[in-house]
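Given next are the chains, with one letter for each unit.
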Amino acid sequence: MKTIYYPLFLIFTFVFSVHGQTKILSFKFNHNAAGSPMELNKTIFTIQNGKKVKLTRAEFYLSNVSLFSNSQDSFNIADSYLLINANKPNAVHLVGSYPENFEFNKIKMFVGIDKDKNHADPNLYPASHPLGPKSPDMHWGWAAGYRFIALEGLVDNNNDGVPEQEFQIHSLGDDLLFRTLMDMSMSHHIENEGMSINLDYVKLFNNITMSGNLIQHGSGALNKNVLKNAANSGFIVPIIIASTENGTFDDIATIQQSNNSLSFKFGTSDQRSIEMSNIIGQVIYKSNNDVDYLNLDISNIVSGNYFISITTGNKTFTRQIFIQ
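Keep in mind that this is a model prediction, so the values were computed, not measured. (Residues numbered from 1 in each chain as written. Predicted model: local features only at pLDDT ≥ 70, side-chain atom pairs only at ≥ 80, totals over all residues. Heavy atoms only, no water.)

### Some points on the side chain of Ser261
Structurally, Ser261 is set in strand β20 (residues 261-266). The class of Ser261 is buried, set by a relative accessible area of 15%. The residues touching Ser261, leaving out its near neighbours within four places in the chain, are Gln256, Asn295, Leu296 and Ile298. (Helix = DSSP H or I, 4+ residues; strand = E, 2+ residues; numbered from the N terminus. Buried < 20%, exposed > 50% of the residue type's maximum accessible area, 1.4 Å probe, protein only. Contact = heavy atoms within 4.5 Å.)

Here is the structure:
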């Protein structure tokens, strides 16, 4: 496994490239908190119970990636180990190759490391490999294995709106390996332009009080709950941008954005549907029309990343926007 850093203009890609009879699968992760970009040591966000949190470290492993088709055929990508680090937000992670003719609509993987590799020596790998030696260290020792997730930061426990109490949640142990499934069947699948995978760090703290002893290294209840949230609470959500059809979004519509509105000018008078959704797939606007112009009021929409999809005939085009 290798981690490659691309220029900023490629930060929204999830790349499929073709080599002979196989394709190469790569992941790009967008680090967000409740729909807005999350930056370590800077972003303060509100978790489920209303407390304010600021992260100073956020790293986790994904492993054993498998692809599933509509017919439930599957393909396991060998040696698929990824270390995701919020301190490297522009990284593109090469997962591996799969057959060119394999059409998949679900991706299964695990948060953490499987038992066989979990207790291996990191020095068996180069430092560039996800399982190789890291600084800060992601390996706890031969017996305990790797840190499946390492979260560090501050939480506001004196209710003054400023995070002040330090926390460290390093979750590890074979029993904390949880499966996550990305359902891509409702997304617009594209081969040539790709997609992003969005992370929402707010979800990691679902049903967690963040009180008491917050220096937790191991496999205790807090450590286990964070990993369960990583796998099953909408922390990892696929977004696939663009269209399999010929043409571009600009052939269908142009968008002008102000603080309070989105204005659309359409290139044709065909019947079309317009849908606006947030990064976890919730539809917040939908309409069908054949007008030349459309104006949407966005004054009450929460700041964050959104996706505009326009469908006309059998073609769908999607564009990502950011609302302040």
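More follows now that the structure is in view.
### Some remarks on the pairing of strand β3 (residues 22-33)
Burial analysis of β3 places ten of its twelve residues in the buried class, which makes it a mostly covered element. Relative to strand β9 (residues 91-99), β3 runs antiparallel, the two being bridged by seven bridges. Across the sheet, the residue bridging to Thr22 is Pro99, located in β9. Inspection of the sheet shows β3 paired to strand β4 (residues 36-37) by two bridges, in the antiparallel sense. Residue pairing in the sheet places Ala33 in a bridge with Ser36 of β4. The turn joining β3 and β4, which pair antiparallel and follow one another in sequence, is formed by two residues; a positive phi near 55° is taken by Ala34. (Pairing = 2+ DSSP bridges.)

### Describing the pattern of salt bridges
Under the criterion given, the structure shown has five salt bridges. With a closest N to O distance of 2.9 Å, Glu59 and Arg57 form a salt bridge. Residue classification places Arg57 among the buried positions, given a relative accessible area of 9%. Among the charged side chains, a salt-bridge network with shared partners connects Arg57, Glu59 and Glu152. (Salt bridge = Lys/Arg side-chain N within 4 Å of Asp/Glu carboxyl O.)

### Some remarks on the packing of aromatic side chains
One pass over the structure, following the stated rule, counts nine aromatic pairs. With 5.4 Å between their ring centres and 65° between their planes, Phe60 and Phe235 make a pair best called edge-to-face. Of this pair, Phe60 sits in strand β6 (residues 52-68) while Phe235 sits in the loop between α2 (221-232) and β18 (236-240), and the two are 175 residues apart along the sequence. On the numbers, 6.1 Å between centres and 80° between planes, the contact of Phe167 with Phe205 is edge-to-face. In this pair, Phe167 sits in strand β14 (residues 165-171) while Phe205 sits in the loop between β16 (195-200) and β17 (215-218), placing the two residues 38 residues apart along the sequence. Classification of Phe205 as buried rests on a relative accessible area of 1%. The rings of Phe45, Phe167 and Phe205 are connected pair by pair, giving a single aromatic cluster. One residue, Arg272, lies across the ring of Phe266, its end atom 3.9 Å from the ring centre. (Phe/Tyr/Trp six-rings, centres within 6.5 Å; stacked < 30°, edge-to-face > 60°. Lys NZ or Arg CZ within 6 Å of the ring centre and 35° of its normal.)

Interpretation in functional terms is not warranted from these geometric data alone.
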